[in-house]
Protein chains: 2
Amino acid sequence: MNHQELVTRYLSAFIHTLSEHNVRTVVISPGSRSTPLAVLFEEHPDIQTYLDIDERSAGFLALGLAKASAQPVALLCTSGTAAANYYPAVIEAYFSRVPLIIITSDRPYELQHVAAPQTVDQQGMYGRHVKHYSQLELSEHDLSLLDYNQALASRAVAISVGLPRGPVHLNVPLREPLVPGRLNQSCATNATPVHQGVLALGQNQLKAISERIMSAKKGVIICGITDTDARTFGIIELAERAGFPVLADPLSQLRRGTHSMETIIETYDTFLRNEHIASAFDPDLIIRFGAPPVSKAIKLWMEHQTCANFVIDGGMEWRDPICMATEMIYCDEQRFCEDLLPLINKKDGTEWLHSWLTINSTTKTVLSSISGEQLLNEEKVFLKLAEWLPEKANLFVGNSMPIRELDSFLFTHSQSAQIFANRGANGIDGVVSTAVGVALSRQRAILAIGDLSFFHDMNGLLAARQNQANLTIILVNNDGGGIFSFLPQASEKKHFESLFGTPHGLDFAHAAALYDAHYTKISDWGAFDAALDDSQSIDGLNIIEVPTKREDNVEKHHLLQRLLDERFREEVIYES
Amino acid sequence: MNHQELVTRYLSAFIHTLSEHNVRTVVISPGSRSTPLAVLFEEHPDIQTYLDIDERSAGFLALGLAKASAQPVALLCTSGTAAANYYPAVIEAYFSRVPLIIITSDRPYELQHVAAPQTVDQQGMYGRHVKHYSQLELSEHDLSLLDYNQALASRAVAISVGLPRGPVHLNVPLREPLVPGRLNQSCATNATPVHQGVLALGQNQLKAISERIMSAKKGVIICGITDTDARTFGIIELAERAGFPVLADPLSQLRRGTHSMETIIETYDTFLRNEHIASAFDPDLIIRFGAPPVSKAIKLWMEHQTCANFVIDGGMEWRDPICMATEMIYCDEQRFCEDLLPLINKKDGTEWLHSWLTINSTTKTVLSSISGEQLLNEEKVFLKLAEWLPEKANLFVGNSMPIRELDSFLFTHSQSAQIFANRGANGIDGVVSTAVGVALSRQRAILAIGDLSFFHDMNGLLAARQNQANLTIILVNNDGGGIFSFLPQASEKKHFESLFGTPHGLDFAHAAALYDAHYTKISDWGAFDAALDDSQSIDGLNIIEVPTKREDNVEKHHLLQRLLDERFREEVIYES
């Protein structure tokens, strides 16, 4: 067998094995060294390929495709700095538990560290930010390593979808010539099925926990983003039986859907900033599911509690940035609820739960009061967006301010919606591309994003155009870094604007034109409403820009707190 | 002393020490965790700061500033994926020997691996692509670690400018509050001066080498990019005394300047592709300086030689991708020439050198013949550009095709010019930002770049605009990956256009408008000449787009080889 035939056989077997393990999507960036893999992926009947010229955007595009499909997605690039451009997406995937198979083609050993072109040190180049690293090894004499390479593919996928899910890096050194033959169909038999179990507690453990729950009079459930949709398991039933409120992070997906909302609290980030309220709620048990919530208020409130604090994590990590956990429970979230429910007797609607619901509804009324605002401002953008969201909408929210605004204004609703964000490392980078991935995987998506984050990944718009993604982008443009106005840095008047405000003065109409995007710049709320409604029928890229002022943003948040305080005094929830 | 005072003292001392070691330029990306460092850098009277929102571009901007100034340049970013965006520039700096001090602010230890926001594993995150990694350690009780942090700063700079030069990573965990006091002026005394020696050979070693050189009748000197400007040391004198031709890579800087050109050969990449000529030149000694040259023809030619092959490297690496070195000489290039010259007797103009010069001038004539071409094409762009280059021009060339075209058409000229490129890892990423760095450091620069590479780092144009860089960009737009047409992949008709040609169809006029760039799209050569001349008087960003066809490019190169063959036969340099 000649070199070309051997390479074709080896890589065909490798690709078939990936495909048999449900890796059916690959994001490819053009390059020379990756040619055999690129061509064979393109040839494979069951694998869909997307092209993305910018590897940084490609990494996040794959992240979005994997998030939205809940399936492992592969990445392929050529040798050299191309692979380094994946690093931000690899890190986000690692901390947000998204399965990615990162395939970096490489130059062979004899070209390492001898000043050969496009040759860098790719072995283990993502350090501790991948769950696993391996290197393909192609024999150039025979097929003796075929089994090894197939096992390597099986193992790589198994690790990426294993607990906790995450990225895996495979480096593939290839010698020239780099043009493969046709995909070999006859070598797809060796994929090793992997049967992944979940963590389950024993009866004694369950009994002990159920007693703690039943004896708790003032329990609270806090639910951040979970590895599987929290709506699909018994967390609601558990809360209702125990009479506990569920402080539901926007990414928990619990705020919208047809499930019971009788225990869902969504405005805690606003009312827990009120010290009277915060101190009035003194729980005797806190049960946390998923990643820490977006809300900072919840964190500060929890730091003042001394009660038992359970952290449930089927991924066996230590998700406790505030060191408040009194017990770590390593058990699959769904199994935990299912196995526990039979052991919990239904409690009657408690005063405790009632008081949370009362404060919550009062807070909603106050938050909704900004709907009267005439001037364009971020808060009302998110109030309106949340109200408007159509059934089964896929909404991606950027980091920094957008996710916080959505946290404040996404109220419970019976129309389901899937909320996405990059909360592994909370970067403002790669957000556009991740949203494009969601749009491609789910036919249509909406992205709410700030101007700095939009600028950072503007290159992501090319893949959106080239792959015909239906993505509406709500671009909240305050010409700079809005979140810094909320931080102590804002007092640094002398350097603030140059170091933190960072105004760029970009007219994004040109960016829209560059990528053939439908573009609307909003001047009043009527135009915003119309643009939202039109977006449903616009295919391709659609950018709705809302100009806002950074100062307003801060003032508005303070104003809302004052209004809330007044309202609570009126309702005599606490004395003046 | 309170937390703020301690942090201010520690970081002031650190920054003063960097500044005393000639770190006078810092590229800052906005963020929260980096606030104390950002503010104190901004406060420092001797340090110039540049802001760049996109950390990937910022990394390359710093790379360009360091290349052009030959001084170490610092980078500063916040915690999280921001730091990961530096990776491509860090790798390029490592392999191209550019001193960078990468300062990544971090969250403190207690927030590591507990799902805290914007907290990733930054310790040693650039792996083997930095020369050194350390972490600042601030005592929160007293100033007992002041000396340590100052020594750390001294050492970091020493390593980055030591042999070989390269990037160094310093991670800086900081606790809140993050607002510093004013820069402390009274703690700048502890910087430890570092006196860096260079490698020098002993008399016996020099004598042995000089005898080898004098006994060689058909010696060849090959000079790629060197750590210090090859014009400034005795390489030319050495060649003239020994009667050796100097095959001068465009990045060797030897092709332009007021020095003697009597031994300079610049069209070898063209004529060594002619097998008759390649086999006619059979050297008995090859002496290589600097990085391997851009030319692939020189590599293939060298692989057929069996003579002694010296590689001189003052950076003590193994720059021999083709395993042809017979002796590695670890000695400073300048010292090598200076110490050797007295030991070499002047040889009379040799037949050997004469034959190289003859072939070279014939080849120049043939290459120049394309000046008659009416249609726009890449070759003539570079022929004209090279002819036009004004005195002291700073020309940055992109990777993939531009550097190769320049290699063919940059002929010797008495007007000096500095040629820059990113040839450490040869990536197409970050090229715009690196060129912006050169333009900012040298007041004005010209960038010749292809469309894919331009697109990849389009974000780099914002920093250019915000920092008023005077940069003229000659954008050769063949709507896709031109270089692939030269590779065997081109035979892969079935998938070629989608995987390699990757047409994007972008109208870059919109990109120019987005960044307020002066923009001209060329329709004929007259317009190109006018645009080049006008560029001298245009401040800020100036984009000159030349639309070309990928197919033409390949044909043109084949045509030139045919013309060359005919011409050689006419001149009876070899028989038909």
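Residues numbered from 1 in each chain as written. Chains lettered and ligands numbered in written order. Predicted model: local features only at pLDDT ≥ 70, side-chain atom pairs only at ≥ 80, totals over all residues. Heavy atoms only, no water.

Looking at an unreviewed UniProt entry, chain A carries the name 2-succinyl-5-enolpyruvyl-6-hydroxy-3-cyclohexene-1-carboxylate synthase, with the source organism given as Sporolactobacillus nakayamae. On record in UniProt, under Subunit (unreviewed entry), the comment for chain A is "Homodimer." What UniProt states about chain A under its Sequence similarities (unreviewed entry) heading is, verbatim, "Belongs to the TPP enzyme family. MenD subfamily." (UniProt positions renumbered as here; feature names shortened; annotations may be inferred.)

### Some remarks on the packing of aromatic side chains
For the coordinates displayed, the defined rule picks out 27 aromatic pairs over all chains. Relative to Trp352 of chain B, the ring of Phe281 of chain B has its centre 5.9 Å away and its plane inclined at 85°; by these criteria the two rings are edge-to-face. Residue Phe281 of chain B is located in the loop between α10 (275-280) and β10 (285-289), and its partner Trp352 of chain B is located in helix α13 (residues 351-368); the two are separated by 71 residues in the primary sequence. Among the residues examined, Trp352 of chain B registers a relative accessible area of 8% and is labelled buried. One aromatic cluster is present, built from ring pairs that chain together Phe271, Phe281, Trp301, Trp352 and Trp356 of chain A. (Phe/Tyr/Trp six-rings, centres within 6.5 Å; stacked < 30°, edge-to-face > 60°. Helix = DSSP H or I, 4+ residues; strand = E, 2+ residues; numbered from the N terminus. Buried < 20%, exposed > 50% of the residue type's maximum accessible area, 1.4 Å probe, protein only.)

### Some words on the state of the cysteines
In a disulfide, the sulfur atoms of two cysteines are covalently bonded to one another. The tally for this structure, following the rule as stated, stands at 0 disulfides over all chains. No disulfide involves Cys223 of chain B; its nearest neighbouring cysteine sulfur is the one of Cys337 of chain B, lying 8.7 Å away. (Disulfide = S-S within 2.5 Å.)

### Focus: the sheet that holds strand β9 (residues 264-265) of chain B
All names here are of chain B. If you walk across this open sheet you meet the 6 strands as β9-β8-β7-β10-β11-β12, and the pairing is parallel. Of all strands in the sheet, those with a lone pairing partner are β9 and β12 (327-329), marking the two edges. Here β10 runs beside strand β11 (residues 308-312); their pairing, made up of 5 bridges, is parallel. The residue bridging Ile287 from the neighbouring strand is Phe310, located in β11. Packed on one face of the sheet, helix α8 (residues 235-242) meets β7 (219-223), β8 (246-248), β9 and β10 and runs near 165° to β7. The strands that helix α12 (residues 333-340) touches are β10, β11 and β12; relative to β10, the one it contacts most, it runs at about 135°. (Pairing = 2+ DSSP bridges. Contact = heavy atoms within 4.5 Å. Axes fitted to C-alpha atoms, helices over the stretch in contact; angles between N-to-C directions.)

### A short note on the side chain of Asn149 of chain B
Residue and element names in this part refer to chain B. With respect to the helices and strands, Asn149 occurs in helix α6 (residues 146-161). Since its relative accessible area comes to 1%, Asn149 is described here as buried. A polar contact of 2.8 Å, which involves the side chain of Asn149, links it to the backbone oxygen of Glu137. Dropping the residues within four chain positions of it, Asn149 is found in contact with Tyr10, Phe14, Leu136, Glu137 and Leu138. (Polar contact = N/O pair within 3.5 Å; in protein donor to acceptor, adjacent residues only side chain to side chain.)

### Considering helix α12 (residues 333-340) of chain A
Residues and elements named next belong to chain A. Among the residues of α12, Glu333, Phe336, Cys337 and Leu340 are the ones counted as buried. The arc enclosing the buried residues of α12, seen along the axis, measures out at 90°, which places them on a common side. Those residues of α12 that are buried lie in contact with α7 (203-215), α8 (235-242), β10 (285-289), β11 (308-312) and β12 (327-329). The backbone nitrogen of Gln334 lies 3.2 Å from a side-chain oxygen of the residue at the head of α12, namely Asp332. (Arc of directions from axis to C-beta.)

### Structural notes on the nonpolar core
One broad rule of soluble globular proteins: the nonpolar side chains tend to lie buried together. Within the largest apolar cluster, 132 residues are counted, with the highest numbers of intra-cluster contacts made by Phe454 and Ile473 of chain A together with Phe454 and Ile473 of chain B. What Ile473 of chain A contacts, discounting residues up to four positions off in sequence, is Leu447, Ile449, Phe454, Leu461, Leu541, Asn542, Ile543 and Ile544 of chain A. (Core = buried A, V, L, I, M, F, W, Y, C linked by side-chain atoms within 4.5 Å.)

### Focus on the pattern of salt bridges
Between side chains of opposite charge, a pair can form as their charged atoms come close. Residues and elements named next belong to chain A. All told, the structure shown has 52 salt bridges over all chains when counted by the stated rule. Its salt-bridge partner being Asp227, residue Arg97 comes within 2.9 Å of it at the nearest N-O pair. Within this pair, whereas Arg97 is found in the loop between α5 (87-96) and β4 (100-106), its partner Asp227 is found in the loop between β7 (219-223) and α8, the two being separated by 130 residues in sequence. Note that Lys364 is salt-bridged to Glu266, the shortest N-O span being 2.8 Å. Of the two residues, Lys364 is situated in helix α13 (residues 351-368) and Glu266 in the loop between β9 (264-265) and α9 (268-271); the sequence distance between them amounts to 98 residues. Each member of the pair, Lys364 as well as Glu266, is classed as buried. The network of salt bridges with common partners includes Arg97, Asp227, Asp313 and Glu317. (Salt bridge = Lys/Arg side-chain N within 4 Å of Asp/Glu carboxyl O.)

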